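Each chain, letter by letter, is given below.
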Amino acid sequence: AAFMAMGQGFVTANDLDVVGVPFKGAKGLREALIAKQVDFGVLNAGDRLRLGEDKFTVLSVIAADRSQVIDDKLPTLAEQSIPFVEIPSPVGLFVPGGTPADVKDALSAAMEQATARQSFVDGMAKLFIPATYVNAADADAYVQQLQANIQVILPKLRK
């Protein structure tokens with residue numbers, strides 16, 4: 001669903017008239033792209049790195065900045081001045097509501113240290129996942145912006 005939402009952010013911002021083709025996961029879309037049964041799709045850029053450039057071409061990364069790019073060969077939509085509504089798929093560390101501030105602070109500090117370790121960065125790169133530490137305050141602002149962006153594409157998803 002995250003990649004579908006990202007694609008819809010691109011389609012909506014560019015006022016494209018497209019017909020969505022549902023798949024049960026990325027595997028079906030990869031196969032349809034390779035077989036030239038669909039014109040384009042939104043996948044993890046790591047799929048090209050795993051499968052090879054001869055299977056399909058990644059035209060761009062749907063991202064506003066380079067921190068989300070794991071392959072330096074790939075440009076972002078923002079770098080190409082192509083409009084899109086950013087709908088990223090962040091992964092975060094969550095705690096239950098009411099968790100004491102000192103516990104949250106300790107976990108946040110541990111996350112910052114862990115994400116700075118080269119072994120962590122290298123391990124995430126092998127999984128084709130960009131890793132960036134974001135503190136709690138910035139994460140809250142990020143989630144609020146994500147919610148606002150989702151409201152832009154939600155009417156299109158309901159059709």
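Report on the accompanying structure. (Residues numbered from 1 in each chain as written. Predicted model: local features only at pLDDT ≥ 70, side-chain atom pairs only at ≥ 80, totals over all residues. Heavy atoms only, no water.)

1. Details of unusual backbone geometry
We apply this condition: Only DSSP runs of H or I with at least four residues qualify as helices, and only runs of E with at least two residues qualify as strands; both kinds are numbered from the N terminus onward. Think of it in three bands: with a 1.4 Å probe and only protein chains considered, a residue is buried below 20% of the maximum accessible area for its type, exposed above 50%, and partly exposed in between.
Even without glycine at this site, Asp 15 takes up a positive phi of about 50°. If you trace the backbone, Asp 15 turns up in the loop between helix H1 (2-13) and helix H2 (26-34). Residue Asp 15 is classed as exposed on the basis of its relative accessible area of 66%. If you check the backbone angles, Ser 81 has positive phi at about 60° while not being a glycine. Here Ser 81 is to be found in the loop between helix H3 (46-51) and helix H4 (101-116). Ser 81 sits in the exposed class, given a relative accessible area of 64%.

2. Here's the deal with the layout of surface pockets
Which entries qualify depends on this criterion: Lining residues are defined by having an atom within 4 Å of a point belonging to a cavity or pocket. Those points lie on a 1 Å grid over the protein atoms alone, cavities being sets where a 1.4 Å probe fits but cannot get out and pockets being open sets with protein on both sides within 12 Å along at least five of seven lines. Grid points are joined across faces, edges and corners, and a volume is the space filled by probe spheres set on the points.
Approximately 1,000 Å³ is the volume found for the second largest pocket. Counting only elements with at least two residues in the lining of the second largest pocket, the list comes to H1, H2 and helix H6 (136-157). For the lining of the second largest pocket, the element with the most residues is H1, which contributes 7 residues.

3. Considering the nonpolar core
Buried together is how nonpolar side chains tend to be arranged in soluble globular proteins. Stated formally: What we call a nonpolar core is a set of buried Ala, Val, Leu, Ile, Met, Phe, Trp, Tyr and Cys residues that are connected through their side-chain atoms within 4.5 Å. Any two residues whose heavy atoms approach within 4.5 Å at even a single point are treated as in contact.
The biggest cluster of nonpolar side chains holds 7 residues, and these are Ala 5, Met 6, Val 42, Val 85, Ile 87, Leu 146 and Ile 153. Not counting the four nearest positions on each side in its chain, Met 6 is found in contact with Val 42, Ile 62, Ile 87, Pro 88 and Ser 89. Among the nonpolar cores identified, the runner-up in size contains 6 residues, and Ala 32, Leu 33, Leu 43 and Phe 56 belong to it.

4. Here's the deal with the pattern of salt bridges
For clarity, the cut-off: Here a salt bridge means any side-chain nitrogen of Lys or Arg lying within 4 Å of a carboxyl oxygen belonging to Asp or Glu.
By the definition in use, this model includes 2 salt bridges. The partner of Lys 27 in a salt bridge is Glu 31, with the nearest N and O atoms 3.7 Å apart. With Lys 27 and Glu 31 both in helix H2 and 4 residues apart, the pair spans about one turn of that helix. A salt bridge links Glu 79 to Arg 66; its shortest N-O distance comes to 2.9 Å. Of this pair, Glu 79 sits in the loop between H3 and H4 while Arg 66 sits in the loop between H3 and H4, and the two are 13 residues apart along the sequence.

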